[in-house]
Amino acid sequence: MSSFWNSKINEIEPYTAGEQPKDGQKVIKLNTNENPYPPSPRCKEALLDFDMSTLRLYPNTDSKAVCEAVAKVDNVKPENVFVGNGSDEVLALCWQTFFEKKENTGKSVLIPDISYSFYPVYSDFYDVRAEKVAIKEDLTIDPDDFTGRENCGIAIANPNAPTSICMPIESIRKILDNNKESVVIIDEAYAAFAEGYTSAATLIGEYRNLVVVRTMSKSYGLAGLRLGYAIADEELIEGLKRARDSFNSYPADRLAQTLAAAALSDREYFEKTRKAVMDTRKRVMQELRDMGFTMPESGANFIFAKPPVSITAETLYKNLKAKGILVRYFNKPLIRESLRITIGTDEEMDELVKAVREEIRNVQES
Ligand SMILES: *Cc1c(COP(=O)(O)O)cnc(C)c1O
């Protein structure tokens, strides 16, 4: 608290990101869903070819090269793409652009009660009323719970975090069909890792009220670059640009635009690394299940695993941390019994499985 801060900053409870180890500290980091593989080699080539003298000049405000690369991948027009400094910024701009402040409306934005924990923070920060819609006991989202409820917007992560569960596109369609008056955000941060999933981006053109948000942080191995984007109808994109140009007209710098476009152009590498993560995920899920863990099928680059009764998630989290393995534990109802474990390299996951096996053996012997 400080008397120099305004009342909002004094009151807000900011988002807490997963802990970052200090530089030089050797840990196996499976707590913030980063990609274990480096970005496409085309990024390095693009960096070596980069003309430093261009950094004199402001970048293209719309990140045109990135919009064009996304348009190619997703079969939309570049005018349907909006680029920001990470998808967190894109999401924040969506809140400011599409959701009404509570002083102007009695309606709320609907968000799942278990979801990306930035959504309630944005709602608080931008004075938007949020209504948390309960997910099912099996941690799935029922699209019927997002129909017939008055709202001024909807935001859902699909696949959801931290549950890892992916809703099929038919469910998204149902939510869109029943909420034509408000903007529906589908946050596809992890969609690249969902087997057989058809992206909601295929519905752009059919629904004027749909915003699909994506990030280069997870599936492209570029969390350090800070680049995310939205795909939507041009009318919605125009709105986002109005908000951006009232805040920071140049969210993505020249280097970020160049490297992101290079990464997006390399489909072969994208496919290879996403498959590698999915293969490792399959194997690790089996090994943990063999030890008595339960978990839903994952559509993400992490799993949400509940340990066998002999050990609590909290104890396992602490003991793994003591061994230098970081995973994510949420001390919240409904999810405090499981751990969110990012899929790392095969070697990292071997270390994890070995450490978990030791912990379980220890409790059984004591
Ligand atoms: C990681 C994550 C983001 C943020 O991605 P950045 O582009 O790194 O800001 C957004 N939404 C969800 C659900 C995420 O897990």
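Residues numbered from 1 in each chain as written. Predicted model: local features only at pLDDT ≥ 70, side-chain atom pairs only at ≥ 80, totals over all residues. Heavy atoms only, no water.

Draft legend 1. Main features of the sheet that holds strand S6 (residues 184-187). With mixed pairing, seven strands are arranged side by side in an open sheet as S2-S8-S7-S6-S5-S3-S4. Because the sheet does not close on itself, it has two edges, and the strands there are strand S2 (81-84) and strand S4 (130-133). Between one strand and the next, the sheet's axes are offset by a mean angle of 20°, whatever the strand orientation. Note that strand S5 (residues 153-157) and S6 share four bridges and pair parallel. (Pairing = 2+ DSSP bridges. Helix = DSSP H or I, 4+ residues; strand = E, 2+ residues; numbered from the N terminus. Axes fitted to C-alpha atoms, helices over the stretch in contact; angles between N-to-C directions.)

Draft legend 2. Local environment of the sheet that holds strand S11 (residues 328-329). Pairing within the open sheet is antiparallel, and its three strands lie in the order S9-S12-S11. The open sheet has two edge strands, strand S9 (302-305) and S11, and neither has a second partner. Pairing geometry for S11 and strand S12 (residues 339-342), over two bridges, is antiparallel. Residue pairing in the sheet places Tyr329 in a bridge with Leu339 of S12. Of the strands in this sheet, S9 and S12 touch helix H9 (residues 267-290), which is tilted by about 15° from S9. (Contact = heavy atoms within 4.5 Å.)

Draft legend 3. Quick look at the packing of aromatic side chains. In total, this model carries 13 aromatic pairs according to the counting rule given. Residues Tyr190 and Phe302 carry aromatic rings whose centres are separated by 4.9 Å and whose planes lie at 80° to one another, so their mutual orientation is edge-to-face. Residue Tyr190 is found in the loop between S6 and strand S7 (210-215), and its partner Phe302 is found in strand S9; the two are separated by 112 residues along the sequence. A residue is classified by how much of its surface remains accessible, and Tyr190, at 7% relative accessible area, is buried. Put simply, the rings of Tyr15, Trp95, Phe99, Tyr116, Phe118, Tyr119 and Tyr122 pair up and form one aromatic cluster. We note Arg267 situated over the ring of Phe270; from NZ or CZ to the ring centre the distance is 4.4 Å. (Phe/Tyr/Trp six-rings, centres within 6.5 Å; stacked < 30°, edge-to-face > 60°. Buried < 20%, exposed > 50% of the residue type's maximum accessible area, 1.4 Å probe, protein only. Lys NZ or Arg CZ within 6 Å of the ring centre and 35° of its normal.)

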